[in-house]
Amino acid sequence: MTFVDSLNIGTNITRMIDTRNWFETLPPTRQRKLLSSQRNGLNIEVGGQSLVNFASNDYLGLSQHPDVCSAAKDAVDTFGLGSGASRLVSGDSPLFHAFERNLADWKGFEACLLVGSGMLANLGLLQSLADRHTVIFADKLNHASLVDGARLSGAKVHRYPHLNLRILAQQLQQYPAKNRIIVSDGVFSMDGDTADVVSLLRLAEEYDTLVVIDDAHGAGTVGAGGKGLVNQANMMGHARLIEVGTLGKSFGSYGAYILGTASMIEGLKQRMRTLIYTTALPVAVLVAAQAALDIIKQGEVVHVLQGHIAYFLSQTKALNLLPSHTPIQPMILGSDEQALAASALLKECGFFVPAIRPPTVPEGQARLRITLSALHNRQQIDALVKVLLNRA
Ligand SMILES: *Cc1c(COP(=O)(O)O)cnc(C)c1O
């Protein structure tokens, strides 16, 4: 008799747990698939078919820009690929600090901290700012990374209906605490609408709270020069404000940044577990983002994108789109089936616009999420709009 036999394990067990039955199987309509696809400039190849991509967050097309790509290649040649350690050990580089300075200056904040991704930024930021004595007030449609960051912090969370500042104010009156934080997306990722940054900061002053704005989709897309929603509201550098953004969208690269006062950023460097206990970004990824910032500052790509948005809006007045002045243009279709059928029709016509379904969006609000890019041209936008109008 072996040792394991002698333990007599498993005699009363009706279902043996192993890795094949750990997760329940979802019904076919709710399953998510990793879509095996290959991007080639503006196009995306899915199942052997080349489609015009209207589903990317690469709003300025910079992931494909020759200067961005060659910056990354040169950096790999010079520095190698992986950074080998956390920034606090030996993974740091003067290039991180230079880019942090440039981003802070461009965005109009005292200081900046680069981290691995937007997800890591929000998990680490909220975990650093808040504990179980903190109260967080969160927009109901905030990105999952903010929802999870709030959870991880242990703070008490009150969610307010999307953009409803009247109810937020009521909650602020109702739930006092020593430390309180209002947390919101800037440009909302699935709706394309925007937070009222000025009013949020006014509430913050009235009720003595901080404000965290995650403008992952606003950088490079909205406001003068694509400086984002906070800049558009002229609230950059506000002492109660922390802004988060990603390098994976308009910057065409990977990574994320946190902007705030110098003391806030220093405090985060001391505390943030998703900075301290994780490998630093590869320098190649970082210098690519720096090259992207240089291109954004020249203004042309942002101008092209903003022109496309205005043109798309002028051509789609007859369509039932959610109100949005950003590159995210959602068309609510209701049921999962309707959204899937519309997506399939667009695919037949050569366009990639996936159906976004619950739980990513609320039940009954399945939609097409159309995103515009500076890489599109008028003909492609016209052709897409024609299909949308014909089916409506
Ligand atoms: C995409 C996104 C993130 C996550 O950023 P990554 O760098 O992709 O991890 C966080 N917040 C918002 C609002 C986003 O849209």
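Residues numbered from 1 in each chain as written. Predicted model: local features only at pLDDT ≥ 70, side-chain atom pairs only at ≥ 80, totals over all residues. Heavy atoms only, no water.

To continue, consider the site of the ligand. Within the structure, the ligand sits among 14 residues, and G118, D214, H217, T246 and K249 are positioned closest to it. In the model, a nitrogen atom of the ligand is placed 2.5 Å from a nitrogen or oxygen of the D214 side chain. A distance of 2.6 Å separates an oxygen atom of the ligand from a polar side-chain atom of H217. Look at the ligand: alone it shows 380 Å² of surface, and the protein chains cover 86% of it. The residue inventory of the shell around the ligand, partitioned by class, reads 2 nonpolar, 9 polar and 3 charged. (Near = heavy atom within 4 Å. Polar contact = N/O pair within 3.5 Å; in protein donor to acceptor, adjacent residues only side chain to side chain. Areas by Shrake-Rupley, 256 points an atom, 1.4 Å probe, with all protein chains shown as cover. Nonpolar A, V, L, I, M, F, W, Y, C, P; charged D, E, K, R; others polar.)

This part covers the side chain of H308. By the element assignment, H308 lies in helix α12 (residues 300-315). What makes H308 buried here is its relative accessible area of 7%. Here H308 is in contact with L372, S373, A374, H376, N377, R378 and I381, once residues within four sequence places are set aside. (Helix = DSSP H or I, 4+ residues; strand = E, 2+ residues; numbered from the N terminus. Buried < 20%, exposed > 50% of the residue type's maximum accessible area, 1.4 Å probe, protein only. Contact = heavy atoms within 4.5 Å.)

A few words on the pattern of salt bridges. For the structure shown, the criterion picks out 9 salt bridges. The partner of R240 in a salt bridge is D208, with the nearest N and O atoms 3.1 Å apart. In this pair, R240 is assigned in the loop between α8 (229-232) and β9 (241-246) and D208 in the loop between α7 (197-207) and β8 (210-214), connecting sequence segments 32 residues apart. The class of R240 is partly exposed, set by a relative accessible area of 23%. (Salt bridge = Lys/Arg side-chain N within 4 Å of Asp/Glu carboxyl O.)

On to helix α2 (residues 66-79), then. The first and last C-alpha atoms of α2 sit 20 Å apart over 14 residues, in line with the 20 Å expected at 1.5 Å per residue. Three or more residues of α2 are buried, namely V68, A71 and A75. Seen from one end, α2 has its buried residues packed into an arc of 60°, which puts them on one side. The outward face of α2, more than 90 degrees from its buried face, is lined by the exposed residues P66, K73 and D77. Lining the buried residues of α2 we find α11 (283-298). Backbone geometry just after α2 places G80 at a positive phi near 80°. (Expected span 1.5 Å × (residues − 1). Arc of directions from axis to C-beta.)

Contact geometry of α2 with α11 gives a least axis separation of 8 Å together with a crossing angle of 150°. Considered as vectors, α2 and α11 are oriented roughly antiparallel to each other. Considering the relative orientation of α2 and α11, their crossing is right-handed. Note on element contacts: α11 touches α2 through V283, A284, V287, A288, A291, A292 and I295, opposite D67, V68, A71, A72, A75, V76 and F79. Grouping the constituent residues of the contact of α2 with α11 by class yields 13 nonpolar, no polar and 1 charged. (Axes fitted to C-alpha atoms, helices over the stretch in contact; angles between N-to-C directions. Parallel < 35°, antiparallel > 145°, perpendicular 65-115°, else oblique. Left-handed = near helix turned anticlockwise from the far one by under 90°.)

With that settled, consider the nonpolar core. Side chains of nonpolar character tend, in soluble globular proteins, to be buried together. Grouped together as the largest cluster of nonpolar side chains are 86 residues, with contacts concentrated most on F54, L103, I182, F251, Y257 and L384. Of all the elements, α11 adds the most residues to this core, at 11 residues. Sequence-distant contacts of I182, defined by excluding residues within four places in its chain, comprise F137, Y160, L168, L172, L200, L203, A204, T209, L210, V211 and V212. Within the second largest apolar cluster, 24 residues are counted, among which are A121, L126, A138 and V212. (Core = buried A, V, L, I, M, F, W, Y, C linked by side-chain atoms within 4.5 Å.)

Moving on, we come to the packing of α12 against helix α14 (residues 378-391). For the pair α12 and α14, the least separation of the axes is 11 Å and the interaxial angle reads 30°. The angle between α12 and α14 falls in the class roughly parallel. As for how α12 packs across α14, the hand of that crossing is right-handed. Contacts between α12 and α14 involve G307, H308, Y311, F312 and Q315 on the former and, on the latter, R378, I381, D382, L384, V385 and L389. Residues that form the contact of α12 with α14 fall into these classes: 6 nonpolar, 3 polar and 2 charged.

Right, let's talk about the packing of aromatic side chains for a bit. The geometry of an aromatic ring pair comes down to the distance between the two centres and the angle between the two planes. Counted by the stated rule, this structure contains 3 aromatic pairs. Geometrically, the ring pair formed by W106 and F251 is edge-to-face, given 6.3 Å between the ring centres and 85° between the ring planes. Note that W106 is positioned in helix α3 (residues 94-107) and F251 in the loop between β9 and β10 (256-260), a separation of 145 residues in sequence. Taking the relative accessible area as the measure of exposure, W106 reaches 7% and is therefore buried. Taken together, a centroid distance of 6.2 Å and an interplanar angle of 75° make the contact between F251 and Y257 edge-to-face. Residues F251 and Y257 agree in their burial class; the two are buried. A cation sits over an aromatic face here: R378 above Y311, 4.0 Å from the ring centre. (Phe/Tyr/Trp six-rings, centres within 6.5 Å; stacked < 30°, edge-to-face > 60°. Lys NZ or Arg CZ within 6 Å of the ring centre and 35° of its normal.)

With mixed pairing, the 4 strands of this open sheet are ordered in space as β1-β2-β3-β12. A single partner strand is all that each edge strand has here, and the edge strands are β1 (37-40) and β12 (351-352). Two strands pair when backbone bridges link them, and β1 and strand β2 (residues 43-46) are joined in this way by 4 bridges, in the antiparallel orientation. Bridging across to β2, N40 finds its partner in N43. (Pairing = 2+ DSSP bridges.)

Turning next to the pairing of strand β7 (residues 179-185). For β7, the buried fraction is high: 6 of the 7 residues fall into the buried class. Across 5 bridges, strand β5 (residues 134-139) lies against β7 in parallel orientation. Along β7, the bridge assignment pairs V135 with R180. Note that the unit made of β7, α7 and β8 has a crossover that is right-handed. (Right-handed = clockwise from strand over helix to strand, strands pointing away.)

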